Amino acid sequence: MNLKERLENPVFRLIGTVADSIGQPCFVVGGYVRDLFLGRHSTDMDFVTVGSGIKVAELVAEKLGPKTSLAVYSNFGTAQVKNKNMELEFVGARKESYSHDSRNPVVEDGTLDDDQKRRDFTINAMAISLNSDTFGELVDPFDGLSDIDKRLIRTPLDPDVTFSDDPLRMMRAIRFATQLDFDIFPATFEAIARNSGRISIISRERVFDELMKIIKSPVPSKGFLLLERSGLLKIIFPELQALKGIEVVDGKGHKDNFYHTLQVLDNVASKSDNEWLRWAAVFHDIAKPVTKRYDSKLGWTFHNHNFVGMKMIPGIFKRMKFPMNEKMRYVRKLVELHMRPIALVEDEVTDSAVRRLLFDAGDDIDDLMTLCEADITSKNQEKIRRYLDNFALVRNKLVEIEEKDRIRNFQPPVSGNDIMATFGIPPSHAIGEIKEIIKNSILDGKIPNEREAAWSLMLELARERGLEPKTQA
Ligand code: CTP
């Protein structure tokens with residue numbers, strides 16, 4: 001098969017000419033070739049040459065001229081050329097295991113075929129020649145093209161060999177299956193299950209990168225189901241694994257919280273591309289296993305699972321090398337608040353409860369509502385409709401109250417400094433108390449969220465505490 005028409009970017013001809021000039025065969029290989037067939041466009045390109053990859057990279061960088069940078073990694077035998085928004089990675093064909101990160105890469109020069117068979121999957125092991133006499137010719141020894149047609153992830157060699165070269169590839173298989181909606185070839189999947197324990201030698205940062213790609217996929221549950229079935233989940237994310245299963249006492253079972261969580265995740269993913277909102281879905285019921293109780297009158301309860309869950313988040317994030325920044329705080333807050341809108345609907349949608357929800361959720365209120373709507377996973381369509389109708393009412397009320405009272409980014413209309421200056425007093429307990437009462441009065445709708453009303457209340461509260469204004473306000 002010749003693909004010269006598809007190699008529109010002039011950089012391919014340029015690289016081919018450079019490789020010709022030093023008599024080295026050179027190919028574009030890996031993800032770029034796969035994505036070419038899948039109609040996905042990528043600006044990252046990997047090139048393999050029989051001979052020195054660094055040499056080709058140096059000459060290519062020279063030819064591309066100004067605004068081109070070159071980084072050489074001589075102990076890996078690789079080099080990277082960056083130009084505008086392109087990233088070109090060059091490597092010499094190797095015989096030994098292909099691994100980005102191995103600390104002591106023992107590499108031996110090899111042929112193109114040696115290099116291709118050491119790659120992870122058949123769909124990632126295709127190469128297209130760039131030398132002028134063979135420009136555009138596909139070299140596909142493992143029939144990656146037919147696996148693309150069949151939508152299959154399969155290793156080129158015995159999967160035990162491919163996965164022991166780099167156990168991260170087990171996660172990559174599941175990630176590609178999820179991203180591309182492919183199946184994993186049965187023998188390949190069985191090898192993942194057999195070798196799953198080896199994932200523990202892989203750094204948590206690399207595992208995190210794969211999890212991020214799974215969560216950003218169109219139907220992320222697919223990846224988590226495969227992680228669970230393969231035995232990887234219980235190693236990398238035991239808290240999520242613990243949600244699986246149904247316990248039965250007195251003939252009464254609870255729902256399987258693993259499948260429920262995955263349903264919530266897909267529901268959120270169908271509404272939002274925000275990956276941290278998707279993570280909040282994964283984590284929302286994370287404390288259900290540890291809070292689960294059976295009561296002969298009440299049946300199964302998961303009392304306070306939202307608060308316990310919130311407390312679990314930093315520890316899990318830290319261990320799994322998730323970011324310990326505002327993303328973590330966002331997930332933690334949504335886990336904490338995820339029962340509030342439903343409690344509101346089941347109780348009564350009072351203005352005061354809506355104001356408090358707005359105050360606590362702030363700018364994340366819309367995301368919280370999306371999560372709560374996604375959390376309704378009953379099989380009973382009528383029940384789902386009833387809840388969603390009620391949530392629509394809550395959403396209307398949220399807009400109405402926000403327009404009127406502006407609680408979302410609440411700033412106290414009277415500050416601690418105002419109080420200290422007015423009464424000429426130093427920082428004290430009374431100031432905090434007065435501020436808290438003013439805040440609650442606004443949230444409860446006793447006074448409007450306005451400076452004048454807050455000021456009168458402050459004077460009244462101060463008087464009750466024996467304070468007199470220094471100057472007339
Ligand atoms: N590769 C491999 N084993 C790995 C990582 C990468 O064999 N553990 C090979 C594959 O041939 C892959 C190529 O290196 O296609 C480039 O790797 P990478 O840039 O990580 O992945 P892509 O396939 O380009 O896909 P994506 O950009 O989606 O990660």
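Residues numbered from 1 in each chain as written. Predicted model: local features only at pLDDT ≥ 70, side-chain atom pairs only at ≥ 80, totals over all residues. Heavy atoms only, no water.

A.B. asks: So what exactly am I meant to see when it comes to the pattern of salt bridges here?
C.D. replies: Where charged atoms of side chains with opposite charge meet at close range, the side chains can pair. Per the stated rule, a full pass over the model turns up 32 salt bridges. Taking the shortest distance from any N to any O, the salt bridge between Asp 35 and Arg 34 comes out at 3.0 Å. Each member of the pair, Asp 35 as well as Arg 34, carries the same accessibility label: buried. Close ionic contact of Asp 418 with Arg 451 constitutes a salt bridge, the shortest N to O distance being 3.1 Å. Taken together, the residues span a long stretch of sequence, with Asp 418 in helix H22 (residues 416-423) and Arg 451 in helix H24 (residues 451-464) at a distance of 33 residues. Owing to a relative accessible area of 45%, Arg 451 belongs among the partly exposed residues under this scheme. Taken together, the shared-partner salt bridges in this structure form one network comprising Arg 34, Asp 35 and Arg 40. (Salt bridge = Lys/Arg side-chain N within 4 Å of Asp/Glu carboxyl O. Buried < 20%, exposed > 50% of the residue type's maximum accessible area, 1.4 Å probe, protein only. Helix = DSSP H or I, 4+ residues; strand = E, 2+ residues; numbered from the N terminus.)

A.B. asks: Even after reading the chapter, I still don't get the sheet that holds strand S1 (residues 26-29), so can you show me in this structure?
C.D. replies: Within a beta sheet, neighbouring strands are joined by backbone hydrogen bonds and run either parallel or antiparallel to one another. Across the sheet, seven strands lie side by side as S3-S4-S5-S2-S1-S6-S7; this open sheet has mixed pairing. In this open sheet, the two edge strands, each paired with only one partner strand, are strand S3 (68-73) and strand S7 (138-139). Pairing of strand S2 (residues 44-49) with strand S5 (residues 86-92) involves six bridges; the strand directions are parallel. Bridge assignment links Met 45 to a residue of S5, and that residue is Leu 88. (Pairing = 2+ DSSP bridges.)

A.B. asks: Looking at this model, I keep getting lost on the domain arrangement of the chain. Mind explaining?
C.D. replies: Reports often express the size of an interface as the amount of accessible area lost when the parts come together. Domain annotation for the chain reports domain 1 (3-144) and domain 2 (416-464). Placing the centre of domain 1 and that of domain 2 at their C-alpha centroids yields a distance of 68 Å. (Domains from an automatic or database assignment.)

A.B. asks: Please explain the packing of helix H9 (residues 204-215) against helix H14 (residues 275-283) as it appears in this structure.
C.D. replies: Helix-helix packing is described using two parameters, namely the angle between the two axes and the distance between the axes. In contact at an axis separation of 10 Å, H9 and H14 are set at 95 degrees when each is read in the N-to-C sense. In terms of axis orientation, H9 runs roughly perpendicular to H14. Where H9 approaches H14, its residues Phe 208, Leu 211, Met 212 and Ile 215 are matched on the opposing element by Glu 275, Trp 276, Arg 278, Trp 279 and Val 282. Among the residues forming the contact of H9 with H14, the class breakdown is seven nonpolar, no polar and two charged. (Axes fitted to C-alpha atoms, helices over the stretch in contact; angles between N-to-C directions. Parallel < 35°, antiparallel > 145°, perpendicular 65-115°, else oblique. Contact = heavy atoms within 4.5 Å. Nonpolar A, V, L, I, M, F, W, Y, C, P; charged D, E, K, R; others polar.)

A.B. asks: Would you mind going over the packing of helix H20 (residues 365-374) against helix H21 (residues 381-405) with me for this structure?
C.D. replies: Two elements in contact, H20 and H21, have axes separated by 11 Å at closest approach and are oriented at 175 degrees. The orientation of H20 with respect to H21, classified from their angle, is roughly antiparallel. On the side of H20, the interface is formed by Ile 365, Asp 366, Met 369, Thr 370, Cys 372 and Glu 373, while H21 contributes Leu 388, Phe 391, Val 394, Arg 395 and Leu 398. Looking at the contact of H20 with H21 residue by residue, the class counts come to seven nonpolar, one polar and three charged.

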